[in-house]
Amino acid sequence: MQHAVGAPLPPPQGPGNGPWTHQAQHQGHPGQAGPPPPPMAPGPQPQTPAPAPVPQHAPVPPSRETTGHIQLPPGGPVPLPAPPAEAGTGAATLAVLLIGPAGAGKTTVAKLWAGRRRVPTAHVSLDDVREWVCSGFADPQAGWNDHSEAQYRLARRTCGFAARNFLANGISCILDDAVFPDRPVVGLGGWKRHVGPGLLPVVLLPGLEVVLERNAARSGNRRLSDEEVARIHGRMAGWYGSGLPIIDNSTYDVETTARVLDDVLARSIASPPAW
């Protein structure tokens, strides 16, 4: 399925292109042109003196208090990070994809890990980006169809664009998504294409009982039926044997899981998984 790529928006259509039209409107009669200027009197016209030459000055550098002058580098495919010189991920700039079923704790762990690092690190959740669509949101719980798949793909591409731009400006990024090992259409290939070959995937997969308990504490469209949770969890078990690092955080609290994640990522930087 082909999806449109973002492009600059055209000006709004309408009479006179709205209030920003280049033609001034007469104040007393909106929408009508003002009176024409009076005709020139016959006879010789006075000569207008030539303007004095404007002295040339060297451009003044912008003040540090002036906004809008900082040039941001464009985002490109994320390469593999260099191995850190200290324990854990240290000050490495890296892109991480945290995978797991609903209720695995992906978003909570990702936020804590990003917030505890000593270097700037952003967190982007695909579910949050999908829900930017307010009117016309295609809820996957109502059925997976072309509409929900198109919105998922758009959200994934938006997350990848954000991650590439964060890393181009020296900010690490951790993303989270429920990526299935048996569905290439919404699998790792799309994430690698949108982020780059340096993306480091890690699977968070606690036991089914833990996932069911956490799902029961959810509300709104984030809460799934027990049958759906069990089905998703069973499909996620396909990551075993895939070569990706897997963390079973059934007995870990959030802080412990974040520390284990950092250790796993350090090993992934030293020896990237084949995927």
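Shown above is the structure to which this text applies.
Residues numbered from 1 in each chain as written. Predicted model: local features only at pLDDT ≥ 70, side-chain atom pairs only at ≥ 80, totals over all residues. Heavy atoms only, no water.

Q: Please clarify how the side chain of glutamine 151 should be interpreted in this entry.
A: Along the chain, the position of glutamine 151 falls in helix 3 (residues 146-168). Excluding its chain neighbours within four sequence positions, the residues that come into contact with glutamine 151 are Arg130, Val133, Gly136, Phe137 and Ala138. (Helix = DSSP H or I, 4+ residues; strand = E, 2+ residues; numbered from the N terminus. Contact = heavy atoms within 4.5 Å.)

Q: Just to check I follow, could you spell out the packing of helix 1 (residues 106-116) against helix 7 (residues 254-270) for this structure?
A: Between two packed helices, both the angle of their axes relative to each other and the distance between the axes serve to describe the pair. The contact between helix 1 and helix 7 brings their axes to 9 Å, and the two run at 70°. Taken together, the axis directions place helix 1 and helix 7 in an arrangement best described as roughly perpendicular. Of the two elements, helix 1 crosses helix 7, and the hand of that crossing is right-handed. For the pair helix 1 and helix 7, contact is made by Thr108, Val109, Leu112, Trp113 and Arg116 and by Val254, Glu255, Thr257, Ala258, Leu261, Asp262 and Leu265, respectively. Classifying every residue of the contact of helix 1 with helix 7 gives seven nonpolar, two polar and three charged. (Axes fitted to C-alpha atoms, helices over the stretch in contact; angles between N-to-C directions. Parallel < 35°, antiparallel > 145°, perpendicular 65-115°, else oblique. Left-handed = near helix turned anticlockwise from the far one by under 90°. Nonpolar A, V, L, I, M, F, W, Y, C, P; charged D, E, K, R; others polar.)

Q: Even after reading the chapter, I still don't get the nonpolar core, so can you show me in this structure?
A: Within soluble globular proteins, side chains that are nonpolar tend to cluster in buried spots. The biggest cluster of nonpolar side chains holds 29 residues, and the ones touching the most others in it are Leu97, Ile99, Leu175, Trp191 and Trp239. Going through the elements one at a time, strand 1 (95-99), helix 2 (126-130), helix 3, strand 3 (172-177), helix 4 (188-195) and helix 6 (226-236) are the ones with two or more residues in this core. Of the residues forming this core, the biggest block, five residues, is contributed by helix 3. With residues up to four places along the chain from it excluded, the contact list for leucine 175 reads Val96, Leu97, Leu98, Val124, Cys159, Ala163, Trp191, Val195 and Leu199. Of all hydrophobic cores here, the second largest spans 19 residues; its members include Leu98, Val109, Ala114 and Leu261. (Core = buried A, V, L, I, M, F, W, Y, C linked by side-chain atoms within 4.5 Å. Buried < 20%, exposed > 50% of the residue type's maximum accessible area, 1.4 Å probe, protein only.)

Q: Help me understand the pattern of salt bridges in this model?
A: All told, the structure shown has five salt bridges when counted by the stated rule. With a shortest N-O distance of 3.2 Å, glutamate 255 and arginine 116 are connected by a salt bridge. Placement of the pair is glutamate 255 in helix 7 and arginine 116 in helix 1, with a sequence separation of 139 residues. Residue classification places glutamate 255 among the partly exposed residues on the basis of a relative accessible area of 39%. The closest approach of N and O atoms between glutamate 228 and arginine 231, which form a salt bridge, is 2.6 Å. (Salt bridge = Lys/Arg side-chain N within 4 Å of Asp/Glu carboxyl O.)

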